[in-house]
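Secondary and tertiary structure notes
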Amino acid sequence: MRNTVITKDMIANPKTHYGNAKASTRHFITQRVTGAINILFLGLLLYLVVRLAGQDRTDMVAVIGSAWIGLPLAVLIAIVAVHMRNGMRDTLEDYLHGRVYSLVMMLNTLFCLVIALAGIGAVLKLVFWG
């Protein structure tokens, strides 16, 4: 692997290639698609906040335990975790490089995976086992 320092001259020259174009395009599209889906799911979140405001645990379990609410909520948690990982990747790659970036990105991925699995597990427990 080559360690090439990217200079302003390299960036200004359109014939210079650096980075992985396919991975960058995939990342760009994933970030936009997950962001758009998050906006679409905003209605579900608003409904849940308004519906569950001031309710006790029994009502909360009944609402989220419904398959019509719980399953889309589980999908939303997964999509938000992917969006969160990609957003943090953008920030991390601006400030960190080399092995530190690889380590922090691995921790970022692990954190997002743990959050997604915990959230999805909790919602699916309510949907399938009450």
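Scroll up to find the structure this text is about.
All chains use their own residue numbering, which begins from 1 and follows the written sequence. In keeping with the predicted nature of the model, local features appear solely for residues at pLDDT of at least 70, side-chain atom pairs appear and are counted solely at 80 or more, and the whole-chain, interface and lining totals rest on all residues. To get the side-chain values, all heavy atoms of the structure are used, and hydrogens and water are removed first.

Overview of helix H4 (residues 67-95)
- With 29 residues, H4 extends 42 Å between its outermost C-alpha atoms, agreeing within 8% with the 42 Å of an ideal straight helix rising 1.5 Å per residue.
- Residue burial is assigned from relative accessible area. The probe radius is 1.4 Å, only protein chains are included, and a residue is buried under 20% of its type maximum, exposed over 50%, and partly exposed in between. Put simply, DSSP marks the helices as runs of H or I at least four residues long and the strands as runs of E at least two long, and each gets a number from the N terminus on. Residues Ile69, Gly70, Leu73, Ala74, Leu76, Ile79, Ala81, Asn86, Arg89 and Leu92 constitute the buried set of H4.
- Any two residues whose heavy atoms approach within 4.5 Å at even a single point are treated as in contact. Structurally, H4 contributes buried residues whose contacts are with helix H2 (21-52), helix H3 (57-64) and helix H5 (98-129). Expected helix span is computed as 1.5 Å times (number of residues minus one).

Quick word on H5
- Spanning 32 residues, H5 covers 46 Å between terminal C-alpha atoms, matching the ideal 46 Å at 1.5 Å per step.
- Taken together, the buried positions of H5 are occupied by Tyr101, Met105, Asn108, Cys112, Ala116, Gly119, Val123, Leu126 and Val127.
- Contacts made by the buried residues of H5 are with H3 and H4.
- Directly after H5, the chain includes Gly130, whose backbone phi takes a positive value near 70°.

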